[in-house]
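# Residue-level structure breakdown
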Amino acid sequence: MYTRSAGKTKIVWHGSAKKGNVDIYLSAHWLNWLKNLPANTAVSVAMYALLSLAGGPAGGVAATTLNFLLGKVVKLVLDENIKHFKTGRVVKFRGWKYKGMIHQ
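What this report covers is the structure whose coordinates are included nearby. (Residues numbered from 1 in each chain as written. Predicted model: local features only at pLDDT ≥ 70, side-chain atom pairs only at ≥ 80, totals over all residues. Heavy atoms only, no water.)

### A closer look at the overall build of the protein chain
Across its full length, the protein chain holds three helices and four strands. In the protein chain, the succession of helices and strands from N to C terminus is β-β-α-α-α-β-β. Split into buried and exposed, the 104 residues of the protein chain put 35% on the buried side. Considering only residue pairs separated by 6 or more positions, the protein chain has 57% of its internal contacts joining residues 24 or more positions apart. On the protein chain, roughly 6300 Å² of surface is accessible, and the fraction owed to carbon and sulfur atoms is 58%. (Helix = DSSP H or I, 4+ residues; strand = E, 2+ residues; numbered from the N terminus. Buried < 20%, exposed > 50% of the residue type's maximum accessible area, 1.4 Å probe, protein only. Contact = heavy atoms within 4.5 Å. Areas by Shrake-Rupley, 256 points an atom, 1.4 Å probe, with all protein chains shown as cover.)

### Details of the pattern of salt bridges
All chains considered together, the criterion is met by two salt bridges. Here K92 and D23 are joined by a salt bridge, their closest N and O atoms 3.8 Å apart. Of this pair, K92 sits in strand 3 (residues 89–94) while D23 sits in strand 2 (residues 22–26), placing them 69 residues apart in sequence. Judged by relative accessible area, which is 26%, K92 ranks as partly exposed. We classify D23 as buried; its relative accessible area is 3%. (Salt bridge = Lys/Arg side-chain N within 4 Å of Asp/Glu carboxyl O.)

### Here we look at the pairing of strand 3
Pairing between strand 2 and strand 3: five bridges, direction antiparallel. Bridging from a neighbouring strand, V22 pairs with F93 of strand 3. Hairpin remark: strand 3 followed by strand 4 (residues 97–103), antiparallel, with two residues in the connecting loop; positive phi at G95, about 60 degrees. (Pairing = 2+ DSSP bridges.)

### Here we look at the side chain of N32
With respect to the helices and strands, N32 occurs in helix 1 (residues 28–35). Residues contacting N32, with those up to four places away along its chain left out, are K83, H84 and F85.

### Quick notes on the sheet that holds strand 1 (residues 10–13)
Taken together, the four strands give an open sheet; going across it, the order is 1-2-3-4, and neighbouring strands pair in antiparallel fashion. For this open sheet the edge positions go to strand 1 and strand 4, each flanked by a neighbour on one side alone. Across the sheet, the axes of successive neighbouring strands diverge by a mean angle of 15 degrees, strand direction being ignored. When strand 1 meets strand 2, the two strands line up antiparallel, connected through four bridges. Paired with V12 across the two strands is D23, which belongs to strand 2. (Axes fitted to C-alpha atoms, helices over the stretch in contact; angles between N-to-C directions.)

Have a look at this one:
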């Protein structure tokens, strides 16, 4: 039996960052906190926090692409019709393309 958890917030790269293979882990606590913020504020706060987890903003195309992906992640998760998150989420990207979202 697989048990789900509230999870952790972190970024896990698979190989070189420039290849865009990354899993973004978002904890239930963090998602609930973001859900209570206005949408624009939530996206800005989430992008800043996740970039900090990733080791700070990169330059050029990498920064632009990562900013775009993080904005997309936050919108995907916050658009879910959930009032209170009980489990965290893992959002997967391969080759900078969205490949799905699962529970932690």
